[in-house]
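Observations on chain architecture
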Amino acid sequence: MDLTIPRNEKAPHALHPPANDRQVGHEVPSPLAPLARRPVLAVAGTVVVVLLLVSDRFGFFSDELYFIAAGKRPAWGYVDQPPLVPLLAQGIEYLTNGSLVALRLLPALAAGGGVVVSALAARELGGRRTAQILAAVVYAVTPATLMTGHVLATGGLDINLAACTAWLLIRWIRLRDDRVFLAIALVTAVELQVKFVSASFWVVFVLCALIFGPRDIVRRPKFWIAAGIVAAAAVPGLVWQAQHGWPQVDMTKVIAKEVEDAGAGGFGFIAAVLSICGIAGSIFLVHGMVKLIGRSARPDYRVLGWSVLGIALTYALTDGRAYYLAGYLVVPLAAAAVDFAGKTSRRPWKWIAVPVSLLSLALVPVMLPMYPDSALKRMPDGLSKDMVGWPEMADTVAGIYGSLPGSTRENTAVVTDGYQQASALDRYGPARHLPPAYSGHRGYWYFGRPADSVTSVIYVGADKPYLDGFFESVRRVGTVDNHLHVSNLNRGQAIWLCRGPRHPWPQLWPRFYHLTAVTLRGEDVPAQ
């Protein structure tokens, strides 16, 4: 069905909303086509199965290790994210005795749920069976869906929760049933426990609604009740941030600098968004935006297109990460699926659809570790590369620690420059008889410091000039590597034996706090 149906065109058996929810000039909603349940669930199920089949490749992703470690220290917030993902990670780790497959079941199910939601969004926009299947398939093969569905991190849960709120928003625009606001509030409240950035979309949407309509949204009591639910859910995290000096604000600046350095801010944001959409997703994204905000766009849904464009512009100007936008892209993807569905039988569209589909499917083995271990070094799969080497790093540190005289070991602590190494040692260290690991990096700084009696430190990462500011003696004693010789966060990291803290630890530890990494690769650090 076409999104450009005139406002006064009604289906023969239109569904009338309750009298108190009608709006002057609002089109009476038409009956929806049946959900293409079997094919849509088949696509979603395939995504889940594929993700689970590769879930135990290589090892834990660095952020997964951090979330497990953070979950052991439950709090209402952390420097770099709200509390939900750390609590889930630690809970799954505890209940399943460290099963990597179990840990990644949740993001795989979230990705499958996002596929279903994309079909539901197309259905809300008037799409029949073909449109729903198209929306499901395109969402399923996007890099954003597959890569975030492969690991338990904030992205996988956040983008699929955002997709769910976007679908519910489309439903409210179609029905004007204010009870939908309460469902949106519950989903958004959960989403705020994953990422605070989700609140920015609703600010943009309300502004767009006041400009393009429906302007009466701010006069609806249930909208403000929903807003109150969301605000109440955010209070504990905001209190934690306020008590700790708003580190999330500083973290946002660090992320912006990282995005800028990577060339993914400003105009580079466009390329970054297209890269997370993939081939088919990029085509659907551009076409869907035209259908939503072009001259022929249906007025009721124009606010959605402008909201997506507005939040994209916000992230581009503030150097936000491209995947922040991913969940809301379900709206233009669904709009394009509805429009393309009526053209699939035409020969020119078939000529385009076949190569696009084949290319999109061909990229799946590149996005996911569906290749031999020996090929990882040559693959552009940065996600999988940072899953390699954590046990080897722990082995190297344990070897150095074990080689120290017993009297020295008693007063030796392990400190890492990056939270990633500290998180890995938190998990792998106890089995290797290592003492607790500490780090001044981001949220890990809050997890504790070395005891006052510590006089020696095995330090992973950084460089000698940096460490000379903290210790009287700094000597390089090792280098981290991994069995696949893959360049990642571990390979080439220098390990130092540092003696004689220049100040007592209560004075020294605050100086270790840093949000940006100061680690240098081993090849950049001269051997001592």
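Just so we're clear, the structure is a prediction, and the values are computed from it rather than from any experiment. Position numbers for residues start from 1 in each chain and track the written sequence from start to end. Residue-level local features of this predicted model are given only where pLDDT is at least 70; pairs of side-chain atoms are given and counted only at 80 or more, and the full residue set underlies all totals for whole chains, interfaces and linings. Heavy atoms from the whole structure form the basis of all side-chain values; hydrogens and water molecules are not counted.

**Structural notes on the overall build of the chain**
Numbering goes from the N terminus for both helices and strands, where a helix is a DSSP run of H or I of at least four residues and a strand is a run of E of at least two. Counting secondary structure elements, the chain contains 23 helices and 5 strands. Each radius of gyration reported is based on C-alpha atoms, and the globular scaling rule is 2.2 Å times the count of residues to the power 0.38. Its C-alpha radius of gyration of 26 Å places the chain within 12% of the 24 Å reference for a compact globule of 528 residues. For the chain, the spread of C-alpha atoms along the principal axes amounts to about 85 × 50 × 40 Å. By the counting rule applied here, Lys and Arg register as positive and Asp and Glu as negative, while His and the ends of each chain are not counted. By convention, the point assigned to a charge is CZ for Arg, NZ for Lys, CD for Glu and CG for Asp. Computed over 48 positive and 37 negative side-chain charges, the inter-centroid distance for the chain is 8 Å.

**Notes on the pairing of strand β5 (residues 494-501)**
Bridge count between strand β3 (residues 456-460) and β5: 5 bridges; the pairing is antiparallel. Opposite S456, over in β5, you have R499 as the bridge partner. Pairing of strand β4 (residues 471-479) with β5, which is carried by 7 bridges, proceeds in the antiparallel orientation. Bridging across to β5, G478 finds its partner in I495. In short, DSSP must find at least two bridges between two strands for them to pair.

**Points about a nonpolar patch on the surface**
Candidate patch residues must exceed 30% relative accessible area and have no salt bridge, after which like charges are joined if within 9 Å and Val, Leu, Ile, Met, Phe, Trp or Tyr side chains if within 5 Å. Here, Shrake-Rupley sampling with a 1.4 Å probe gives the accessible areas, and only protein chains in the shown set may cover a residue. For salt bridges, the criterion is a side-chain nitrogen of Lys or Arg within 4 Å of an Asp or Glu carboxyl oxygen. A cluster of nonpolar side chains, contributed by V203, L207, L210, I211 and F212, occupies part of the molecular surface with about 450 Å² of accessible area. Residue position: L207 is located in helix α10 (residues 199-212).

**Some details on the state of the cysteines**
What counts as a disulfide here is a pair of cysteine sulfur atoms lying within 2.5 Å. According to the stated counting rule, one finds 0 disulfides in the structure shown. You can see C164 has no disulfide; the closest cysteine sulfur is in C277, sitting 19 Å from it. Of the residues examined, C164 reaches a relative accessible area of 17% and is grouped as buried. Free cysteine C208: the closest other cysteine sulfur is in C277, separated by 19 Å. Here the term buried applies to any residue with accessible area under 20% of the maximum for its type, exposed to any over 50%, and partly exposed to those in between, with areas from a 1.4 Å probe on protein chains only. With a relative accessible area of 8%, C208 lands in the buried category.

**So, the sheet that holds β5**
The pairing of strands in a sheet comes from backbone hydrogen bonds and takes either a parallel or an antiparallel form. Pairing in this open sheet of 5 strands is mixed, and the strands run β2-β1-β3-β5-β4 from one edge to the other. Pairing within the sheet leaves two strands with one partner each, and these edge strands are β2 (437-439) and β4. Recorded for the sheet is a direction-independent mean angle of 30 degrees between the axes of neighbouring strands. Sheet topology note: the strand β1 (residues 412-416)/β2 ladder contains 3 bridges and is parallel. Bridging from a neighbouring strand, V415 pairs with Y438 of β2. Throughout, a residue-residue contact means that at least one pair of heavy atoms, one from each residue, lies within 4.5 Å. Fitted lines through C-alpha atoms serve as axes, helices being fitted only where they are in contact, and the angles separating the N-to-C directions of these axes extend from 0 to 180 degrees. Running at roughly 160 degrees to β3, helix α19 (residues 390-403) makes contact with β1, β3, β4 and β5 of the sheet. Docked against the sheet, helix α21 (residues 419-428) engages β1, β2 and β3, running at close to 165 degrees with respect to β2.

**Section: the packing of aromatic side chains**
Stacked, tilted and edge-to-face are the three classes applied to pairs of Phe, Tyr and Trp rings, where Trp contributes its six-membered ring and a pair requires centres within 6.5 Å; stacked means planes under 30 degrees apart, edge-to-face means over 60, and tilted covers the rest. One pass over the structure, following the stated rule, counts 29 aromatic pairs. Taking the centre distance of 4.8 Å and the plane angle of 35 degrees together, the rings of W172 and F181 count as tilted. Owing to a relative accessible area of 0%, W172 belongs among the buried residues under this scheme. You can call F181 buried: its relative accessible area is 3%. Where F201 meets F205, the ring centres are 6.4 Å apart and the plane angle is 20 degrees; that geometry is what we call stacked. Linking F201 with F205, this pair stays in helix α10, spanning 4 residues, or about one helical turn. Residue class for F201 comes out buried when judged on its relative accessible area of 3%. The class for F205 is buried, based on a relative accessible area of 1%. An aromatic cluster is defined as three or more aromatic residues linked by ring pairs; in this entry it consists of Y459, Y466, F470, F471, W505, W509 and F512.

**Focus: the nonpolar core**
Each nonpolar core is a collection of buried residues, namely Ala, Val, Leu, Ile, Met, Phe, Trp, Tyr and Cys, held together in the definition by side-chain atoms within 4.5 Å. Ranked by internal contacts, the top residues of the largest apolar core, which has 100 residues, are V115, F205, F269, V273, L304, L325 and V331. The element that contributes the greatest number of residues to this core is helix α8 (residues 154-175), accounting for 11 residues. Look past the residues within four positions of V273 in its chain and what remains in contact with it is L285, A322, L325 and L329. If you look at the next biggest cluster of nonpolar residues, it comprises 45 residues, including I68, Y78, V151 and Y419.

**Considering helix α13 (residues 268-293)**
Because an α-helix packs 3.6 residues into every turn, residues spaced three or four apart end up facing the same way. Expected span of a helix: the number of residues minus one, times 1.5 Å. Counted at 1.5 Å a residue, the expected span for α13 with its 26 residues is 38 Å, but the 22 Å between its end C-alpha atoms falls short. Fitting one axis to the seven residues ending at a residue and another to the seven starting there, the bend at that residue is the angle between the two axes. In α13, a bend of some 120 degrees at G278 exceeds every other bend along the element.

**Digging into the pattern of salt bridges**
This model, assessed by the stated rule, comprises 19 salt bridges. D373 is the salt-bridge partner of R57, the closest N and O atoms lying 2.4 Å from each other. Here R57 is found in the loop between α1 (37-53) and α2 (62-71), whereas its partner D373 is found in the loop between α17 (364-367) and α18 (382-385), with 316 residues between them in sequence. For D373, a relative accessible area of 36% gives the class partly exposed. Across the salt bridge formed by D426 and K72, the nearest N and O atoms sit 2.8 Å from each other. Residue D426 is found in helix α21, and its partner K72 is found in the loop between α2 and α3 (84-95); the two are separated by 354 residues along the sequence. Look at D426 and you get buried, because its relative accessible area is 15%.

**Overview of the side chain of N482**
Of note, N482 is situated in the loop between β4 and β5. At 2.7 Å, the side chain of N482 and the backbone nitrogen of H485 are in polar contact. What qualifies as a polar contact is a pair of N or O atoms within 3.5 Å, subject to a donor-acceptor requirement within protein and to the restriction that residues adjacent in sequence count only when both atoms come from side chains. At a separation of 2.8 Å, a polar atom in the side chain of N482 contacts the main-chain amide nitrogen of V486. Leaving out residues up to four positions away in the same chain, N482 has contacts with V388, G389, E392, N488 and R491.

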